[in-house]
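Here are the chains, one letter per residue:
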Amino acid sequence: LLGSMYYLPCRNQRLRNESIRCWSNIPFITMPLSRAHGKPFAHRSELKHAKRIVVKLGSAVVTRGDECGLALGRLASIVEQVSMLQNQGREMMIVTSGAVAFGKQRLRHEILLSQSVRQALHSGQSQLKDMAIPVLEARACAAAGQSGLMALYEAMFTQYSICAAQILVTNLDFHDEQKRRNLNGTLHELLRMNIVPIINTNDAVVPPPEPNSDLQGVNVISVKDNDSLAARLAVEMKTDLLIVLSDVEGLFDSPPGSDDAKLIDIFYPGDQQSVTFGTKSRVGMGGMEAKVKAALWALQGGTSVVIANGTHPKISGHVITDIVEGKKVGTFFSEVKPAGPTVEQQAEMARAGGRTLAALQPEQRAEIIYRLADLLTDQREEILLANKKDLEEAENKGRLALPLLKRLSLSTSKLNSLAIGLRQIAASSQDSVGRVIRRTRIAKDLDLEQVTVPIGVLLVIFESRPDCLPQVSALAIAKAARSNQILHHLTQEALSIHGVRDAVQLVNTREEVEDLCRLDKLIDLIIPRGSSQLVRNIQKAAKGIPVMGHSEGICHVYVDMDASVEKVTRIIRDSKCEYPAACNALETLLIHRDLLRTPLFDQIIDMLRVEQVKIHAGPKFASYLTFSPSEVKSLRTEYGDLECCIEVVDSVKEAVEHIHKYGSSHTDVIITENEQTAEFFLQHVDSACVFWNASTRFSDGYRFGLGAEVGISTSRIHARGPVGIEGLLTTKWLLRGDNHVVSDFSEHGSMKYLHESLPLPQRNAS
Ligand SMILES: Nc1ncnc2c1ncn2[C@@H]1O[C@H](COP(=O)(O)OP(=O)(O)O)[C@@H](O)[C@H]1O
Ligand SMILES: N[C@@H](CCC(=O)OP(=O)(O)O)C(=O)O
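Quantities reported herein were computed from a predicted structural model and do not represent experimental measurements.

The backbone of N194 shows a phi angle near 55°, a positive value even though the residue is not glycine. Structurally, N194 is set in the loop between α7 (177-192) and β4 (196-201). Judged by its relative accessible area of 6%, N194 is buried. Of note, R597 is a non-glycine position whose phi angle comes to about 60°, a positive value. Among the structural elements, R597 can be located in the loop between β14 (586-592) and α21 (599-610). Note on R597: relative accessible area 64%, which makes it exposed.

Written out as structure tokens, the structure reads:
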């Protein structure tokens, strides 16, 4: 019932008032939980400051979907979360529905039982036939349900040494000034004593609902369901946050389940027109429209509101605490509308811009890329200045590790090679989109063509790598502080020559990246560029969108017994020392056993020492040495710095096995003069790039002649290794017919399949 948490009861009431913590494994809250009530919070991140919280539970949350009693598991985890927040010094109140729904189940059960007993007595047998259940009256149901409901809350809160108290109110109680003050006083007194008030409408006596005329802009909301009750109480009690738990994720722009219904993350007053409502749940009373009205009324009264799902088995165990921690759960009601477009709108703009871009003439697309290359050269000073400021800020804040700092820095030579790469792309891109790669005559007058098209909207996520932006933009003609801002600005300037400025959008914060990773309808491919941690996080966050890249670059160089002395140190030095932060840098050096204690081996070690490369010994290598360097913690390490591991292998076969066991299928190299051994290595190593007598650092789109690169992919499908423009293309099939139908091709039909290959159109010589 209590999961892994255990609770040490804390009985000193005074201590419990502010910020004492009684949960053994829950982070202590150190911020003061006091807040002048007035304005609702503008952002989710501020919700952690909420001191007074009302949690409203809908009937569907409280009762089981199969109408067999109360949802005990859900309620237990809700009570557990409320208790935890209460013990953080917050003041918690619960508005609970479910009395009618639960009472209905109880009474139905009772009636069935008594009918069957009566039948058995009268007929002398126990067949349950003709047992009609009379229409149950809601007030009686509520009376029967409320006591059972309350007994359960009592029992559950007692487990956490928290006392609960029941309050039943009607709309009239708010209209009678004396009663209203009494209610207010009672609630304050209960909160002062750390008692959790559990509130419901007094459904056994409740009068018929009044017209809801007072909802629009007027001061009070009439209590006709528990949504309006929760809103009214929240405002009366100057509550900071109202959490409304129902059986849907939150507010959708159209009835959930309908085509294209989208969950609204933040709802602003005035957004009502953009929402359509469907029917309420099976047991609910107010429906979603009542919740939105109540939420907007509470917001106007200074209480923040979140509507979320309290029934989802995966999230109900932490939904309340997640909301209070500011996580993106459900729909948050806010009065403060952000100035710029949302990430979703940005993705939509990229989608629209991208489609226009794809429809431009190839020369126009090339012109945009040439313009971007020129801008990079012409505006070099401004770019380098912006980059210098970024670097200074990063250094001052001591925020970035050295390899990341190196990646962040731009130089004239980096910008020059970028511009060269872009021009290469411009030249070769002319016929990349719309190229016919296959033509087949299916039947007479029925020709099929396969043509290249862009993959679509790319989400390129990069950390500390400003040079990625123009590279990827040029290839995809994509997105990432100051350096990025100026590069993005220049990219948009280049795009604007053909009116497609918006095709490239820049998003700067990590929180927004997570949101983007969920836009599977707007984003077609995610390309993370940065640390392996970044790629792993993106792979986890991406919901239904393919991710192209590699999470690690654990590259090996195997020095075979037949290696050439001249080549070994040159290749190893270049692979490890030329740019150690790169993903294609050498991380593990595999040395054939016969080379140990030879001059060649000493030469390698001397070179690494001169280059100040820290050596870690693999277990086998360590066993050959009397005084070995530190032994590796893992043979699967990407150092990303002047460090590497050395391990010994007995043969090329063992080298291949080691690479398969500890590598990341990125780039692996053999140094040997023996062609047969080299071919064995080239054929057997299952990596994206396998080289013979060449540095690992050749694993790069520019060096491969692909122009700029979007990254190196270790995926096996679509694109593998350095990915250039080809990796950003897919194809579509165009079929041109003349009243053709499949049934004509049946056994006795009039047509026959020809499946004849047709010549491809001549490619443009330019
Ligand atoms: N636009 C909408 N967004 C979200 N939910 C909606 C929408 N329109 C109708 N609903 C329905 O509202 C129901 C929740 O309201 P209700 O039945 O009163 O629940 P509760 O018992 O939690 O108060 C959901 O089951 C959902 O199907
Ligand atoms: N007071 C009633 C519930 C009223 C109500 O608003 O229900 P719901 O829409 O499920 O929150 C009860 O306890 O059954």
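The rest of the description comes next.
Before going further, it helps to spend a moment on the site of ligand 1. Lining the immediate environment of ligand 1, one finds 25 residues, of which S246, D247, S281, G287 and K291 sit closest. D247 is positioned such that a nitrogen or oxygen atom in its side chain is 2.8 Å from an oxygen atom of ligand 1. At 3.0 Å from a nitrogen atom of ligand 1 is found a main-chain nitrogen or oxygen belonging to T276. Look at ligand 1: alone it shows 570 Å² of surface, and the protein chains cover 94% of it. Here the element with the most residues in the shell around ligand 1 is helix α9 (residues 287-300); it accounts for 3 residues. Residues that form the shell around ligand 1 fall into these classes: 9 nonpolar, 12 polar and 4 charged.

The next point concerns the packing of aromatic side chains. Using the criterion set out here, one finds 5 aromatic pairs in the structure. For the pair Y558 and F681, a centre-to-centre distance of 6.3 Å together with 20° between the ring planes defines the contact as stacked. Linking Y558 in strand β13 (residues 555-559) with F681 in helix α24 (residues 675-684), this pair joins segments that are 123 residues apart in sequence. In this structure Y558 comes out as buried when scored by relative accessible area, which is 0%. Centre to centre, the rings of F601 and F621 are 5.9 Å apart; their planes meet at 70°, and the pair counts as edge-to-face. Here F621 lies in helix α22 (residues 619-624) and F601 lies in helix α21, a separation of 20 residues in the sequence. For the residue pair F601 and F621, the accessibility class agrees, reading buried in each case.

Another aspect to go through is the site of ligand 2. In the vicinity of ligand 2 there are 15 residues, among which K56, S59, S97, D203 and M285 approach most closely. A distance of 2.9 Å separates an oxygen atom of ligand 2 from a polar backbone atom of A99. Here ligand 2 has 380 Å² of accessible area as a free molecule, and 97% of this is covered by the chains. Elements with a contribution of two residues or more to the shell around ligand 2: α4 (99-123) and β4. Each residue belonging to the shell around ligand 2 can be placed in one class, and the counts come to 3 nonpolar, 9 polar and 3 charged.

So, how was this worked out
- Residues numbered from 1 in each chain as written.
- Chains lettered and ligands numbered in written order.
- Predicted model: local features only at pLDDT ≥ 70, side-chain atom pairs only at ≥ 80, totals over all residues.
- Heavy atoms only, no water.
- Helix = DSSP H or I, 4+ residues; strand = E, 2+ residues; numbered from the N terminus.
- Buried < 20%, exposed > 50% of the residue type's maximum accessible area, 1.4 Å probe, protein only.
- Near = heavy atom within 4 Å.
- Polar contact = N/O pair within 3.5 Å; in protein donor to acceptor, adjacent residues only side chain to side chain.
- Areas by Shrake-Rupley, 256 points an atom, 1.4 Å probe, with all protein chains shown as cover.
- Nonpolar A, V, L, I, M, F, W, Y, C, P; charged D, E, K, R; others polar.
- Phe/Tyr/Trp six-rings, centres within 6.5 Å; stacked < 30°, edge-to-face > 60°.

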